[in-house]
Amino acid sequence: MKDNARVTVDFNYMMEKSLGSKGIKDCELNALAPKAAEAFEYVKKNRGRDDLFMGWTELPYNQNEIISDILETAEKIRKKFKYFVVLGIGGSALGPIMVFNALKHLHYNELPEEKRGGPKFYVEDNVDPVRMQALLDVIEPEKTCFNVISKSGATSETMAQYLIIADVLKKKGVFLPDNVIFTTDASRGNLIKIDQSFGGKIKKYVLPDGVGGRFSEMCPVGLLPAAVLGIDVKEMLAGAAYMDKLCSGKSIENNPALACAVLQYITMKQGKNINVLMPYSDNLKLMADWYCQLWAESLGKAVDYDGNTVNAGTTPVKSLGVTDQHSQVQLYIEGPYDKIITFISVEKYACEMPIAHGCEDIPDVGFLGGHTMQELIQAENKATAYALMRAGRMNYTIKMPEVTAHTLGQLMYMLELQTAYAGALLNIDTYNQPGVENGKKATFALLGKKGYEEQKKEMDSAPALDNRYIV
């Protein structure tokens, strides 16, 4: 891989040399070098461990056999079906829709069939009844392949979606295994039971034991939808492997993911509790959604490994350049010093789109003629980063040569590694999610799920709402 196709990180605008007293000193980075090296070694030592949910680290290398099967299945789906729908939530949905948005035409579903070259694509990542009805209004279920993604088959949202779709297919006389693919556990869980009720005829892919939902895009969870869309999944994995190689050193000078983690760690300790991701590309808009889950669920933890109450983590915020220069950047430049902004910049867009000459008698408009939209968006990106720096606001830039399957694989893997290193620096469990589980249990109780009767009693006995506080 040539260096000009490499994703890089520029953190000059984080440092004292650019920001003066508001920047990070070189001596601060140097002082953290041993701790950063320990974080690196922790991740390296535990690579691939299923019991620690670090199986995602090996996904770029251990899927050759499954890729062949996925490509074969994807080709059959492309020939047979008019629509492909993912039923899932969280990482099972955010990953596939992010990659779709990044690498396919921004109006893919509106393109004529000969230009799409594959089925229309939808991801149902909520249980809003209006959303489900809207999907049913635009697809023909009997001409649709549904990919149900849930490791346990007990994810309430995904299984509610499944029950609705299964009923629709049954009423249309469709044999479920003809139109459904499961991505689930290898041998247990409710989707396995459902498959057994159909004589084991449903096509299944395995969500590996050591891979949590937010780290699952580069296993069958994300690879099957991407392959159905004609995306080069081998290149995506190759990009991840390339970034893994770039991050093989234990110092921030030669490990971009570790550098990003250390920068975030230092700013956390300074009290900067908002972490903004701002891509300057509509294709990468949903990268911020995917990243928000990755960062928030991984690092938002009450206690560390030593049992200390730490309430760790920073709040991830999604933003889009240039759009949010007109809605959020005012706050970033003149509001509280509580944020760190990460830009994603693209050096070469898929097209340039020249800006026509005109309105030469109006200087405020005429100067744009003869430039391109690529020049304009890149100039606004650089100008925003510069303006933030001049105001003493920390920001750094992840630079992508262009948005391809390979560079997207690099970016995803770098952000995953950054998150893993940050968790190690904070001495927390990066891979559990007890806060989410408590909410799930309360939902089960409210809906009368067997085994949650005591929780229902507890909720029913909670203090009544005071009408004085309802306005």
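Preceding this section is the structure that the text describes.
What you are looking at is a predicted structure, and each value in this text was computed from that prediction instead of being measured. (Residues numbered from 1 in each chain as written. Predicted model: local features only at pLDDT ≥ 70, side-chain atom pairs only at ≥ 80, totals over all residues. Heavy atoms only, no water.)

Peer 1: Tell me about the overall build of the protein chain, and name the residues and values.
Peer 2: The number of helices and strands found in the protein chain is 18 helices and 10 strands. Over its C-alpha atoms, taken along the principal directions, the protein chain stretches across nearly 65 × 60 × 55 Å. Taken over 471 residues, the protein chain has a buried fraction of 50%. A separation threshold of at least 6 residues defines the contact pool for the protein chain, and within that pool the share at least 24 residues apart is 75%. As displayed, the protein chain has an accessible area near 22500 Å², and 53% of this comes from carbon and sulfur atoms. Of the charged side chains in the protein chain, 52 are positive and 58 negative; the average position of the first set lies 4 Å away from that of the second. (Helix = DSSP H or I, 4+ residues; strand = E, 2+ residues; numbered from the N terminus. Buried < 20%, exposed > 50% of the residue type's maximum accessible area, 1.4 Å probe, protein only. Contact = heavy atoms within 4.5 Å. Areas by Shrake-Rupley, 256 points an atom, 1.4 Å probe, with all protein chains shown as cover. Lys, Arg positive; Asp, Glu negative; His and termini not counted. Charge placed at Lys NZ, Arg CZ, Asp CG, Glu CD.)

Peer 1: Quick rundown of a nonpolar patch on the surface? Include the residues and the values.
Peer 2: A surface patch of nonpolar side chains, amounting to about 320 Å² of accessible area, comprises L446, L447 and M459. Its location among the elements puts L446 in helix α17 (residues 434-446). Under the relative-accessibility criterion, L446 is labelled exposed at 53%. (Patch = residues over 30% accessible without salt bridge, like charges linked within 9 Å, V, L, I, M, F, W, Y side chains within 5 Å. Salt bridge = Lys/Arg side-chain N within 4 Å of Asp/Glu carboxyl O.)

Peer 1: Describe the pairing of strand β5 (residues 180-184), naming the residues involved and giving the relevant values.
Peer 2: With 5 of its 5 residues buried, β5 lies for the most part within the structure. Alternating residues of β5 divide into V180, F182 and T184 and I181 and T183, and every residue in both groups is buried. This β-α-β element, strand β4 (residues 144-149) to helix α7 (residues 156-171) to β5, shows right-handed connectivity. Judged from the 4 bridges that link them, β5 and strand β6 (residues 203-206) form a sheet pairing that is parallel. (Right-handed = clockwise from strand over helix to strand, strands pointing away. Pairing = 2+ DSSP bridges.)

Peer 1: Kindly report on the environment of G55, identifying the contributing residues and their values.
Peer 2: Within the secondary structure layout, G55 lies in the loop between α2 (26-45) and α3 (64-80). Since its relative accessible area comes to 9%, G55 is described here as buried. Residues G55 and F215 lie 160 residues apart in sequence; the distance between their C-alpha atoms is 9.1 Å. Apart from the residues lying within four places of it in its own chain, the contact partners of G55 are G48, R49, D50, G210 and V211.

Peer 1: Can you tell me about the pattern of salt bridges, naming the residues and giving the values?
Peer 2: A full pass over the atoms with the stated rule returns 24 salt bridges. The closest approach of N and O atoms between K76 and E72, which form a salt bridge, is 3.6 Å. Placement of the pair is K76 and E72 together in helix α3, with a separation of 4 residues, close to one helical turn. Residue E72 is classed as partly exposed on the basis of its relative accessible area of 49%. Linking D125 and R131 is a salt bridge whose minimum nitrogen-to-oxygen distance equals 3.2 Å. We classify D125 as partly exposed; its relative accessible area is 25%. Within this structure, K151, D185, R188 and D209 form a network of salt bridges that share partners.

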